[in-house]
Amino acid sequence: MVAASIVIRIFEKKLGRLAKYLYISIMPVFGAVVIFFANDGKFGAMILFPKSYLKMDSLVIWIFIGIVYVLALLVAVVITTRTYELKNIVTIKDDLLVSMKKLESISEQAAERTAEISTSTGEQVAGVEKIIHSMENVQNGIEHLSVILNNR
């Protein structure tokens, strides 16, 4: 099994995403080979005699089958857990994007309102400046009348 793992590791880049499936299948394949060759001959002949395939009278075989199913169950649990975690992360990301778009819209509206207020304020300042200028003219006129009245 170690040799097979090393060979897969060497060709991992060429195998691409298939490498992970080869890593997972090493133990069941080697287990089947061990069962095929290491028993009393019944399983060695399972291809030629299919009835012998159903005779699993060795405790070692049942232990191996149990280990394989326990490992398959653990892999399924890990994959399911990580899938749900990834789904939650994607949901949070989507919610965050929606919130950011709403915030951007609110920011644009605030910028428009600020521009309107700035324009309005500029108009008010111009109006106040006209009033001040008019008041200065009135004051100058009053002073001028006062000088004329004092000279009489």
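We now examine the overall build of the protein chain. Looking only at helices and strands, the protein chain features five helices and zero strands. For the protein chain, the N- to C-terminal ordering of α and β elements is α-α-α-α-α. Counting only residues that meet the buried cut, the protein chain has 7% of its 152 residues in that class. Within the protein chain, contacts between residues at least 6 apart in sequence are counted, and of these 29% link residues at least 24 apart. With an accessible surface of roughly 13100 Å², the protein chain has 69% of that area assigned to carbon and sulfur atoms.

The next subject is a nonpolar patch on the surface. A grouping of Leu59, Trp62, Ile63, Ile67, Val70, Leu71 and Leu74 is seen on the molecular surface, where their side chains present a nonpolar patch of about 690 Å² in accessible area. Here Val70 shows up in helix H5 (residues 59-151).

Below, the discussion takes up a negative patch on the surface. A cluster of acidic residues, Glu104, Glu108, Glu112 and Glu116, forms a negative patch on the protein surface. Checked against the element boundaries, Glu108 lands in helix H5. Residue classification places Glu108 among the partly exposed positions, given a relative accessible area of 46%.

Another aspect to go through is the pattern of salt bridges. Applying the stated rule across the entire model yields one salt bridge. A salt bridge links Glu12 to Arg9, with the nearest nitrogen and oxygen atoms 2.8 Å apart. Its relative accessible area of 27% is what places Glu12 among the partly exposed residues.

A word on the confidence of the model for the protein chain. For the protein chain, mean pLDDT is 81; residues scoring 70 or higher make up 84% of the total. Of all helices and strands in the protein chain, the one with the weakest mean pLDDT is helix H4 (residues 50-53) (61), whereas helix H2 (residues 12-15) scores best (88).

This paragraph deals with the environment of Met1. Of note, Met1 is situated in the segment before helix H1 (2-10). Sequence separation of Met1 and Phe30 is 29 residues, and the distance between their C-alpha atoms is 7.0 Å. The contacts of Met1, once residues within four sequence positions are left out, are Ile26, Met27 and Phe30.

What counts, and where the lines are drawn
- Residues numbered from 1 in each chain as written.
- Predicted model: local features only at pLDDT ≥ 70, side-chain atom pairs only at ≥ 80, totals over all residues.
- Heavy atoms only, no water.
- Helix = DSSP H or I, 4+ residues; strand = E, 2+ residues; numbered from the N terminus.
- Buried < 20%, exposed > 50% of the residue type's maximum accessible area, 1.4 Å probe, protein only.
- Contact = heavy atoms within 4.5 Å.
- Areas by Shrake-Rupley, 256 points an atom, 1.4 Å probe, with all protein chains shown as cover.
- Patch = residues over 30% accessible without salt bridge, like charges linked within 9 Å, V, L, I, M, F, W, Y side chains within 5 Å.
- Salt bridge = Lys/Arg side-chain N within 4 Å of Asp/Glu carboxyl O.
- Lys, Arg positive; Asp, Glu negative; His and termini not counted.
- Charge placed at Lys NZ, Arg CZ, Asp CG, Glu CD.
- pLDDT = per-residue confidence, 0-100.

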